[in-house]
Amino acid sequence: MPKKILVLNGPNLNMLGSREPSVYGHKTLADVNAAIQARAAELGVEADCRQSNSEGELVTWIQQARGPGPEAADAIIINAGAYSHTSVAILDALRAAELPVYEVHLSNIYQRESFRHHSYISAAAVAVICGLGPDGYLYALTAAAKAAG
Ligand code: CA2
């Protein structure tokens, strides 16, 4: 069985490519997910890419990733969007999942408003990648696949 990596995107990331290209680039989320799938195929892992604007739905998916069951995953890559800066619920779910978590942000959150400088998610993450645009997901996927062995 190939290792399964759950790739979660949070609120507003479905709008990628449509607005704010100077911050988030021109690629759509479909473009980003296609690149993730291509890299997953090269790495021999399965990537399950999902996006939700709902904090509760993200929490549910993280809970299911712990298994047992068909949604069980071996690692989680997450860009929780603005919930990164607000959500103790997502932090608690990630901790409870007991899976390696890789946090990704498209932009360099430390060059932006001070309220973006803190991420609750980071306390549950083995690594944080920010400021590299969509490539950040590919670096995270490479690291997750290597660690999942
Ligand atoms: O840099 C990132 O990836 C962020 O997680 C993106 C979030 C932001 O709240 C975080 O501080 C940093 C926002 C995603 C919104 O994406 C949009 C894309 C296009 C148009 C509008 C929003």
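The notes below deal with the structure included here. What you see is a predicted model; the values in this text were computed from it and never measured. (Residues numbered from 1 in each chain as written. Predicted model: local features only at pLDDT ≥ 70, side-chain atom pairs only at ≥ 80, totals over all residues. Heavy atoms only, no water.)

## Observations concerning the packing of helix α3 (residues 55-65) against helix α4 (residues 88-97)
Contact pair α3 / α4: the axes reach a minimum separation of 9 Å and the direction vectors enclose 5 degrees. Regarding the angle of α3 to α4, the classification is roughly parallel. Note on element contacts: α4 touches α3 through A89, I90, A93, L94 and A97, opposite E55, L58, V59 and I62. Tallied by class, the residues present in the contact of α3 with α4 amount to eight nonpolar, no polar and one charged. (Axes fitted to C-alpha atoms, helices over the stretch in contact; angles between N-to-C directions. Helix = DSSP H or I, 4+ residues; strand = E, 2+ residues; numbered from the N terminus. Parallel < 35°, antiparallel > 145°, perpendicular 65-115°, else oblique. Contact = heavy atoms within 4.5 Å. Nonpolar A, V, L, I, M, F, W, Y, C, P; charged D, E, K, R; others polar.)

## Overview of the pattern of salt bridges
Here the idea is simple: oppositely charged side chains can pair when their charged atoms come close. Summed over the entire model, instances satisfying the criterion amount to seven salt bridges. The salt bridge partner of K4 is D48, with a shortest N-O separation of 4.0 Å. Remark: D48 occurs in strand β2 (residues 46-51) and K4 occurs in strand β1 (residues 4-9); sequence separation between them is 44 residues. In terms of burial, K4 and D48 fall into one category: buried. Between E113 and R112 there is a salt bridge, with the nearest N and O atoms lying 4.0 Å from each other. Among the ionic contacts, a cluster of salt bridges with common partners joins K4, D48, R50 and E71. (Salt bridge = Lys/Arg side-chain N within 4 Å of Asp/Glu carboxyl O. Buried < 20%, exposed > 50% of the residue type's maximum accessible area, 1.4 Å probe, protein only.)

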